[in-house]
Amino acid sequence: MSDYSGSRFESAKRGAGALLSGALSALIVMVSMLAVMWLVEGVDFFLGGALDYEYGIRGWDADGLLGILFAPFLHVGFGHLMANSLPLLVLGFLAGLRDIRKFLWASVLIIFIGGIGTWLLSDPMTYTVGASGLVFGYFGFIVARGVFDHRLLDIMIAIGVGVAYWGILAGVLPNQPGISWQGHLFGLIGGVVAAWVLRRKRELPPATSYPYLG
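Since the structure is predicted, the reported quantities are computational estimates derived from the model, not experimental observations.

What counts, and at which threshold
- All residue numbers here refer to positions counted from 1 along the written sequence of the relevant chain.
- Whole-chain, interface and lining totals are the exception, using all residues; otherwise, since this is a predicted model, local features are given only for residues with pLDDT of at least 70 and side-chain atom pairs are given and counted only at 80 or more.
- Water and hydrogen atoms play no part in the side-chain values, which are based on all heavy atoms of the structure.
- Definition used in this section: a nonpolar core is a set of buried Ala, Val, Leu, Ile, Met, Phe, Trp, Tyr and Cys residues joined via side-chain atoms within 4.5 Å.
- Between buried and exposed lies partly exposed: a residue is buried under 20% and exposed over 50% of the maximum accessible area for its type, with that area taken using a 1.4 Å probe on protein chains only.
- Helix numbering and strand numbering both begin at the N terminus, where a helix is a DSSP run of H or I of at least 4 residues and a strand a DSSP run of E of at least 2.
- Two rings from Phe, Tyr or Trp (for Trp, the six-membered ring) form a pair when their centres are within 6.5 Å of each other. A pair whose planes differ by under 30 degrees is stacked, one over 60 is edge-to-face, and the rest are tilted.
- Look at NZ for Lys and CZ for Arg. If either is within 6 Å of the ring centre and within 35 degrees of the ring normal, a charge sits over the ring.

### Observations regarding the nonpolar core
Link 1 in the chain: Met37, Leu88, Leu91, Leu134 and Tyr138 are the most contacted members of the largest nonpolar core, which has 31 residues in total.
Link 2 in the chain: Secondary structure elements with two or more residues in this core: helix H1 (3-46), helix H4 (78-96), helix H5 (100-121), helix H6 (132-149), helix H7 (152-165) and helix H8 (181-197).
Link 3 in the chain: Counting residues per element, this core draws most heavily on H6, which supplies eight residues.

### Digging into the packing of aromatic side chains
Link 1 in the chain: Within the structure shown, the criterion is met by eight aromatic pairs.
Link 2 in the chain: Their ring planes at 35° and their centres at 5.2 Å tell us that Trp60 and Trp119 sit as a pair that is tilted. Remark: Trp119 occurs in helix H5 and Trp60 occurs in the loop between helix H2 (50-55) and helix H3 (67-70); sequence separation between them is 59 residues.
Link 3 in the chain: These aromatic residues form a ring-pair network of at least three members: Trp38, Phe45, Phe46 and Phe78.
Link 4 in the chain: The ring of Tyr53 carries the charged tip of Arg58 above its face, separated from the ring centre by 5.1 Å.
Link 5 in the chain: Sitting above the plane of the Trp196 ring, Arg199 keeps its charged end 3.6 Å from the centroid.

In structure tokens, the structure reads:
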């Protein structure tokens with residue numbers, strides 16, 4: 001085997017190892033996140049839903065600002081949580097597959113942007129809880145990452161997610177009573193912003209020096 005073939009094999013081996021490590025990290029993070037959500041919902045069940053009201057996002061209410069941090073981990077019953085669990089697991093896993101650190105920063109941006117947008121546009125008489133903002137955020141992050149980073153793996157994942165989940169985009173329209181289109185819309189925006197902020201920085205080619213002519 002030539003040195004060139006050997007180096008290509010070693011490079012591919014390192015790449016596969018990094019991808020496997022990233023997949024394991026993403027799976028651990030998402031399973032842990034869902035475990036926390038199910039545990040919190042169990043506690044909230046015994047409290048009669050008190051956590052939802054206390055820590056949900058309430059628009060234009062200073063106390064409701066706490067919900068920006070806590071609302072994604074709260075749900076209106078186990079049915080609500082079950083509806084969010086599978087898409088959150090799948091999209092979160094795919095979003096964190098390649099770079100778990102960028103995924104964690106993306107999650108922070110999605111929660112913050114999605115929460116602020118929801119707080120600004122929500123009715124003060126209602127409260128918003130649920131992980132669907134994260135679901136929309138991870139969807140936006142994955143698709144936008146494929147556009148911004150131009151990596152083959154990211155493009156393939158973006159196409160697959162776009163085809164499989166494009167139907168959720170109807171959730172950003174204000175036409176479903178009891179559904180927070182604000183959380184969906186700003187979660188999606190947060191995902192796109194995160195993909196842009198965390199995009200791969202392209203290296204500029206080295207500058208060529210030319211002699212000055214006197």
